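Structural characterization, general
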Amino acid sequence: MEHKYLRWLSGETQSIYWHDSAIFAEEQEAYSNGAVGMTTNPFLVQSTLNADRDFWQERLDALPKDLSGDAKAEALIRTVTSFYAEQFLPIYKKGIPGKGFVCAQTNPNKIGDAAYMIDQMKRLAAMAPNIVIKVPATNAGIKTYEEGVALGFNMAATVSFTVPQVLEVGAAAARGKERALKNGIKPGLTIAVLMAGRLDDYLRDVAQDTGASVSESDIVQAGIACLKKAYRIFNGRGYDTFLMPAGCRGANQVIELAGARMIFSIAPKIVKMLPSDTPCVEKINIPVAQDVIDRLMTMPEFRKAYLEDGMTREEFITFGSANRTTDQFINDGWTPLLSYKY
């Protein structure tokens, strides 16, 4: 079904639309409305393997039968992501920045282990030229990210919810690209994810628990405020790394950022919330109202997320949203893959 707003967003602005699901029928509908890439994670991989078993069976039958543990989970992730990487390869070959890529994520049990992530990153990068390796925006993950960029890999930093995280990622990308060029390596695509809806979810619970004087209207603008601030800073510093709004919880997190040079990760449930006849207006340069920011700034956890120096790299792994999201990636994604019967 034609979605006029998504076609406008992806076709008439500098915004780029990526699909946030690994189910084939959903991907095909997104592609028809302008999607030119795909994000996946362990949860989305196990979801498609369970929901669409017949579609994947032939590829599952080709896997060795004696796989176990992390090697098994990684093989299942490779099965899904390599298929979609092949599907998007014709777009990738056009050479347009941000278009034609598919993400594969590292083991969420290892978000503090840079050596492990670097080894896995190298294996995943070997799958296809248009694979983007997703690592967490923890201290160890950002080290891995910079190393991947220096090697010419396409890299994305996820498990990221705050301005200080994406600024550290942007700086790591710049350093990595400089290293790559010095060694005669062409840098790949670099992405800094900010999971706006997951930040909102966390702040909502914190506000309720602490009795903070903020409204629901304030809360659902917190992630948007962080993305708009980060976007201004990225532009001011000349970073060419793409910000990626992700983990969205409502259509407002697309509408209020429309027109930005960002890669939007949009799940089918958000598409359903986004009317096709939504007014086609670029809103990226319309700031969040100052009174909203002022109320949110009464919350220490929002200050951590919004201020440029709100957290150090060593503190990223301890932020509440990071713990929640990593837990989901492990318990609803990686762990089910370990016991998946193929």
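This text follows the structure it describes.
Residues numbered from 1 in each chain as written. Predicted model: local features only at pLDDT ≥ 70, side-chain atom pairs only at ≥ 80, totals over all residues. Heavy atoms only, no water.

1. Re the overall build of the chain
- From N to C terminus, the chain includes 16 helices and eight strands.
- Rg of the C-alpha trace for the chain: 19 Å, near the compact-globule value of 20 Å for 342 residues, within the 12% margin.
- Each principal axis of the C-alpha distribution contributes one length, and for the chain these read about 60 × 45 × 45 Å.
- Counting only residues that meet the buried cut, the chain has 57% of its 342 residues in that class.
- Look at the contacts in the chain between residues 6 or more apart in sequence, and 73% of them connect residues 24 or more apart.
- Of the roughly 13,800 Å² that the chain leaves accessible, carbon and sulfur atoms contribute 51%.
- Averaging the coordinates of the 37 positive side-chain charges in the chain and doing the same for the 39 negative ones gives two points 4 Å apart. (Helix = DSSP H or I, 4+ residues; strand = E, 2+ residues; numbered from the N terminus. Rg over C-alpha atoms; globule rule 2.2 N^0.38 Å. Buried < 20%, exposed > 50% of the residue type's maximum accessible area, 1.4 Å probe, protein only. Contact = heavy atoms within 4.5 Å. Areas by Shrake-Rupley, 256 points an atom, 1.4 Å probe, with all protein chains shown as cover. Lys, Arg positive; Asp, Glu negative; His and termini not counted. Charge placed at Lys NZ, Arg CZ, Asp CG, Glu CD.)

2. Some details on the pairing of strand E1 (residues 16–20)
- The element E1 is extensively covered by neighbouring structure, given that five of its five residues are classed as buried.
- Of the two faces of E1, both are covered, the one formed by Ile16, Trp18 and Asp20 as well as the one formed by Tyr17 and His19.
- Pairing analysis gives four bridges linking E1 to strand E8 (residues 263–266), with the strands arranged parallel. Considered in E8, the bridge of tryptophan 18 is made with serine 265.
- Both E1 and strand E2 (residues 37–39) contribute to a ladder of two bridges, which runs parallel. For histidine 19, the partnering residue across the bridge sits in E2 and is methionine 38.
- Following the backbone out of E1, through helix H2 (residues 24–32) and into the adjacent parallel E2, one traces a crossover that is right-handed. (Pairing = 2+ DSSP bridges. Right-handed = clockwise from strand over helix to strand, strands pointing away.)

3. Description of the packing of helix H5 (residues 69–92) against helix H16 (residues 320–338)
- At a minimum axis separation of 7 Å, H5 and H16 run at an interaxial angle of 110°. Relative to H16, the element H5 lies roughly perpendicular. Together, Gly69, Asp70, Lys72, Ala73, Glu74, Leu76 and Ile77 of H5 and Trp334, Leu337 and Leu338 of H16 make up the contact between the two elements.
- The residue inventory of the contact of H5 with H16, partitioned by class, reads six nonpolar, one polar and three charged. (Axes fitted to C-alpha atoms, helices over the stretch in contact; angles between N-to-C directions. Parallel < 35°, antiparallel > 145°, perpendicular 65-115°, else oblique. Nonpolar A, V, L, I, M, F, W, Y, C, P; charged D, E, K, R; others polar.)

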